[in-house]
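Here is how the chains run, residue by residue.
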Amino acid sequence: MTDPRAESTPGGAGPTTMRAAVIDETGCPDVLHVSEVALPLRINAEVLVKVAAAGVNPIDVKTRAGRGVSAAIASYPYILGQDFSGTVVESAYEGHPLKVGDEVYGMLSAPRGQGSYAEYAAVPALQLCKKPGRLSLIEAAGVPLAALTAWGMVVDVAKAHEGQRILIHAGAGGVGHFAVQFAAYFGAYVIATSSSRNASWLRELGAAEVIDYTSTRFEDVVSRVDVVIDLIGNVHDETGTRSLQTLRPGGLIVNAPTGSWPTLVDDAAALGLRATTYKVSPDASTLTIITRLINSGDIHVHIDEVFELADAAESHRRLEQGHTRGKLVIAVAEQV
């Protein structure tokens with residue numbers, strides 16, 4: 001009997017296995033290793049993508065370590081990774097707008113399914129779109145999760161607009177550097193926290209003020225902001241709680257890092273402030289809007305470092321060290 005996975009590749013023939021960076025258990029970065037696994041079977045309105053590169057995100061690191069969303073991993077070996085770029089090798093159906101050969105990018109709903117640190121991914125059509133023409137496949141892989149998170153926090157929840165004052169923590173990070181750009185694009189007055197080495201770069205991205213968190217307590221120099229975009233929480237120096245002091249009465253704080261501030265809503269409410277966490281969705285319709293802003297030159301992605309698939313564990317160690325500017329990316333294909 002023919003292996004059905006063979007029929008999921010163009011022409012009904014092709015590889016039935018692929019290389020992927022997997023974990024057999026949660027733990028330190030060394031549990032992440034390359035293995036040969038079954039090629040994903042494309043079903044229904046999914047698109048089979050040959051992955052060129054995958055973004056490395058804090059949620060990947062937390063999940064690998066046994067935190068994050070690791071409780072939802074159904075079986076091992078498990079492939080980590082959420083965002084990616086690549087090329088369509090099988091479309092959802094003949095008339096679908098994403099055709100074989102199209103360069104695409106998007107985000108998977110890991111760990112509901114396997115992730116993107118792999119040579120192939122079967123992706124629901126509503127979770128990917130054509131990549132920006134201005135970007136290489138390596139650059140594009142650093143966009144989806146971080147940019148969609150930033151858009152959701154800054155545009156959908158905070159409703160950034162002219163005259164609004166927004167404080168953005170970790171402004172030079174993966175989500176942060178997009179948040180700074182989106183807030184500035186929509187006319188907000190942006191105050192970002194970062195180390196001094198990133199100050200001039202963040203001003204180029206649109207920050208009106210940059211506070212060096214290594215030498216200045218931001219709550220001593222910032223007050224009456226409308227919104228805080230909190231990309232740290234209370235895992236470092238009580239950044240989240242201290243941020244409440246900077247908000248105007250009735251101001252809003254939006255927190256993203258999973259598990260970083262369990263008492264957020266109650267802490268804010270006690271001071272007459274509004275608060276919410278934010279969880280990103282792999283929404284290609286919003287990613288298409290972001291694509292237009294990238295192609296117009298209004299929004300940029302910065303890739304700090306690129307790792308080979310065999311060095312996926314090292315990419316996690318690097319992210320855990322902190323002080324990353326923009327995104328880290330894993331080059332999955334041998335030549336990108």
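Just so we're clear, the structure is a prediction, and the values are computed from it rather than from any experiment. (Residues numbered from 1 in each chain as written. Predicted model: local features only at pLDDT ≥ 70, side-chain atom pairs only at ≥ 80, totals over all residues. Heavy atoms only, no water.)

A. Focus on the nonpolar core. The biggest cluster of nonpolar side chains holds 55 residues, and the ones touching the most others in it are V143, I168, F178, F182, L202 and I229. Considering each element in turn, this core owes the most residues, 9 residues, to helix α3 (residues 144-157). In this structure V143 touches D83, Y105, L135, L148, F178, L287, I290, I294 and V301, once residues within four positions along its chain are discounted. Formed by 44 residues, the second largest nonpolar core is a distinct cluster that contains A92, L98, A313 and V332. (Core = buried A, V, L, I, M, F, W, Y, C linked by side-chain atoms within 4.5 Å. Buried < 20%, exposed > 50% of the residue type's maximum accessible area, 1.4 Å probe, protein only. Helix = DSSP H or I, 4+ residues; strand = E, 2+ residues; numbered from the N terminus. Contact = heavy atoms within 4.5 Å.)

B. Highlighting α3. The first and last C-alpha atoms of α3 sit 18 Å apart over 14 residues, in line with the 20 Å expected at 1.5 Å per residue. Maximum bend of α3: about 30°, positioned at W151. Among the 14 residues of α3, 12 are classified as buried, and the element is accordingly described as predominantly covered. Of all the residues in α3, the buried ones are P144, L145, A146, A147, L148, T149, A150, W151, G152, M153, V154 and V155. (Expected span 1.5 Å × (residues − 1). Bend = angle between axes of the 7 residues up to and from the residue.)

C. A look at the packing of aromatic side chains. Considering all chains together, one arrives at 4 aromatic pairs under this definition. With centroids separated by 5.8 Å and ring planes inclined at 75°, the aromatic side chains of W151 and F186 adopt a geometry described as edge-to-face. Remark: F186 occurs in the loop between α4 (174-185) and β10 (189-194) and W151 occurs in helix α3; sequence separation between them is 35 residues. W151 sits in the buried class, given a relative accessible area of 8%. A relative accessible area of 30% means that F186 is categorised as partly exposed. Ring centres of F178 and F182 lie 6.2 Å apart, and the angle between their planes is 20°; this geometry places the pair in the stacked category. (Phe/Tyr/Trp six-rings, centres within 6.5 Å; stacked < 30°, edge-to-face > 60°.)

D. Representation of the layout of surface pockets within the structure. One number sums up the size of the second largest pocket: a volume of about 370 Å³. P40, G113, Q114, G115 and A122 are the residues nearest the centre of the second largest pocket, which is lined by 24 residues in total. Broken down by secondary-structure element, the contributors of at least two residues to the lining of the second largest pocket are β1 (17-23), β2 (32-38) and β7 (120-124). Sort the elements by how many residues they give to the lining of the second largest pocket and β7 lands first, with 4 residues. Classifying every residue of the lining of the second largest pocket by side-chain character gives 16 nonpolar, 5 polar and 3 charged. (1 Å grid on protein atoms, 1.4 Å probe; cavity = no way out; pocket = protein on both sides within 12 Å on 5 of 7 lines; lining within 4 Å. Points joined across faces, edges and corners; volume = space filled by probe spheres on them. Nonpolar A, V, L, I, M, F, W, Y, C, P; charged D, E, K, R; others polar.)

E. Region of interest: the packing of α3 against helix α9 (residues 284-295). Running from N to C, α3 and α9 point in directions that differ by 100°, and their axes come no closer than 10 Å. Comparing the axis directions of α3 and α9 gives the class roughly perpendicular. Residues P144, A147, L148 and W151 of α3 touch α9, and the partners they reach there are T286, L287, I289, I290 and L293. Its residues assigned to classes, the contact of α3 with α9 shows 8 nonpolar, 1 polar and no charged. (Axes fitted to C-alpha atoms, helices over the stretch in contact; angles between N-to-C directions. Parallel < 35°, antiparallel > 145°, perpendicular 65-115°, else oblique.)

F. Here's a closer look at the environment of Y185. Tracing the backbone shows Y185 in helix α4. Residue class for Y185 comes out partly exposed when judged on its relative accessible area of 40%. Along the chain, Y185 and G206 lie 21 residues apart, while their C-alpha atoms are 7.8 Å from each other. Those residues in contact with Y185 that sit more than four places away from it in its chain are L293 and D298.

G. Focus on the packing of α3 against α4. The contact between α3 and α4 brings their axes to 8 Å, and the two run at 45°. It follows from the interaxial angle that α3 and α4 lie oblique. The chirality of how α3 crosses α4 is right-handed. Contacts from A146, A147, T149, A150, W151, V154 and V155 in α3 reach G174, V175, F178, A179, F182 and A183 in α4. Within the contact of α3 with α4, the residues separate by chemical class into 11 nonpolar, 2 polar and no charged. (Left-handed = near helix turned anticlockwise from the far one by under 90°.)

H. Region of the structure containing the sheet that holds β2. The strand order across the open sheet formed by 3 strands is β2-β1-β4, and the pairing between neighbours is antiparallel. Edge positions in the sheet fall to β2 and β4 (78-79), since each has one partner strand and no second. Sheet topology places β1 next to β2; 7 bridges connect them, and they run antiparallel. Across the sheet, the residue bridging to I23 is L32, located in β2. (Pairing = 2+ DSSP bridges.)

I. Examining unusual backbone geometry more closely. Going from Y76 to P77, the amide bond is cis rather than trans, its omega being 0°. You can see P77 is positioned in the loop between α1 (58-64) and β4. In this structure, the amide linkage connecting A110 to the following residue, P111, adopts the cis form with an omega of 5°. The backbone phi angle of E238 is positive, close to 50°, even though this residue is not glycine. Looking at the secondary structure, you find E238 in the loop between β12 (225-230) and α7 (239-243). Phi is positive for H323, which is not a glycine, with a value near 65°. Mapped onto the secondary structure, H323 falls in the loop between α10 (312-321) and β16 (327-331).

Worth remembering: the numbers are spatial, not functional.
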